[in-house]
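Now for the letters of each chain:
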Amino acid sequence: MSTVQTYPTLDLTLPQKALPGFASLLQHGALFAIEKPTPLLSFLLTLPGFSATYIEENVQTIFINGVAADSLNRPMVDGTTIALSAAMPGLAGAIFRRQGIHGSLRSKQLTDAPEAQSGTGFVTLKLFNSIATDRIEDLLQRGILVTGKGVASFARMRGHLFSPQVGLELDGQEIDYQRLLEQTEGLDLVLVQLKK
């Protein structure tokens, strides 16, 4: 008999104009279950809004476990952290740009691909700048797993987003901004989603 893992659920009711402000939640990282190992491109294509065309045209910078990467074929395994960004400005952007001509200037290179592992696990995906803004609505409609500390940290730094027009429910119970901070801080993982 298989059991399905359930997580505390934070339902958000947001006016459309407030959605871009919640994009920075994705900088804290969303956890996604994977079956081992999964190429980065295959993983991204399972996410809402990440078509092959969108990835090719918009994902200009990739970091895997903190190191710039060029290949979308690198296998993702349990514990991998991926950060995606659109084009970054200046020399840093040129050096870290995927398959850019200045890639040889990077101080760290990715080592060999991780060895295959068995079982399931999680990868952490962090999205920045226009990619986060583009994908926040799609991801929140599907629901994203975020650490409780990540939710609390985001809410604490972005208190202005939690205006009276924003509705909050934790496991079906209405809560206010202060209770959001108090109750999410101690949770391991929280499923954050737009209220259906």
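Bear in mind that the values here come from a model prediction, so they are computed numbers and not experimental data.

Draft legend 1. Molecular detail of the pattern of salt bridges. Per the counting criterion, the structure on display carries three salt bridges. Between Arg135 and Asp138 there is a salt bridge; the shortest N-O distance is 2.7 Å. Within this pair, Arg135 and its partner Asp138 are both found in helix 4 (residues 129-142), separated by three residues, close to a single helical turn. Here Arg135 falls in the buried class, since its relative accessible area comes to 11%. For Asp138, a relative accessible area of 23% puts it in the partly exposed group.

Draft legend 2. Representation of unusual backbone geometry in the model. Positive phi values are uncommon outside glycine, yet Asn65 reaches one of about 50°. Phi is positive for Asp171, which is not a glycine, with a value near 50°. Here Asp171 falls in the partly exposed class, since its relative accessible area comes to 49%.

Draft legend 3. Expanded view of the side chain of Ser24. Inspection of the secondary structure assignment puts Ser24 in the loop between strand 1 (9-13) and strand 2 (30-35). A distance of 3.0 Å separates polar atoms of two side chains, one belonging to Ser24 and the other to Arg158. Beyond its immediate chain neighbours, meaning those up to four positions away, Ser24 contacts Phe154 and Arg158.

Draft legend 4. Representation of the confidence of the model for the protein chain within the structure. The share of residues in the protein chain with pLDDT of 70 or more is 81%, and the mean pLDDT across the chain is 85. With pLDDT under 50 throughout, residues 89-107 is counted as low confidence; its partners more than four residues away or in other chains account for 34 contacts.

Draft legend 5. Local environment of the nonpolar core. Within the largest apolar cluster, 51 residues are counted, with the highest numbers of intra-cluster contacts made by Leu10, Phe43, Leu84, Ile144 and Val192. Here this core takes five residues from helix 4, the largest share from any one element. Discounting residues that sit within four places of it in the chain, Ile144 has contacts with Leu25, Leu26, Ala30, Phe32, Leu139, Val190, Leu191 and Val192.

Calculation notes
- Residues numbered from 1 in each chain as written.
- Predicted model: local features only at pLDDT ≥ 70, side-chain atom pairs only at ≥ 80, totals over all residues.
- Heavy atoms only, no water.
- Salt bridge = Lys/Arg side-chain N within 4 Å of Asp/Glu carboxyl O.
- Helix = DSSP H or I, 4+ residues; strand = E, 2+ residues; numbered from the N terminus.
- Buried < 20%, exposed > 50% of the residue type's maximum accessible area, 1.4 Å probe, protein only.
- Polar contact = N/O pair within 3.5 Å; in protein donor to acceptor, adjacent residues only side chain to side chain.
- Contact = heavy atoms within 4.5 Å.
- pLDDT = per-residue confidence, 0-100.
- Core = buried A, V, L, I, M, F, W, Y, C linked by side-chain atoms within 4.5 Å.

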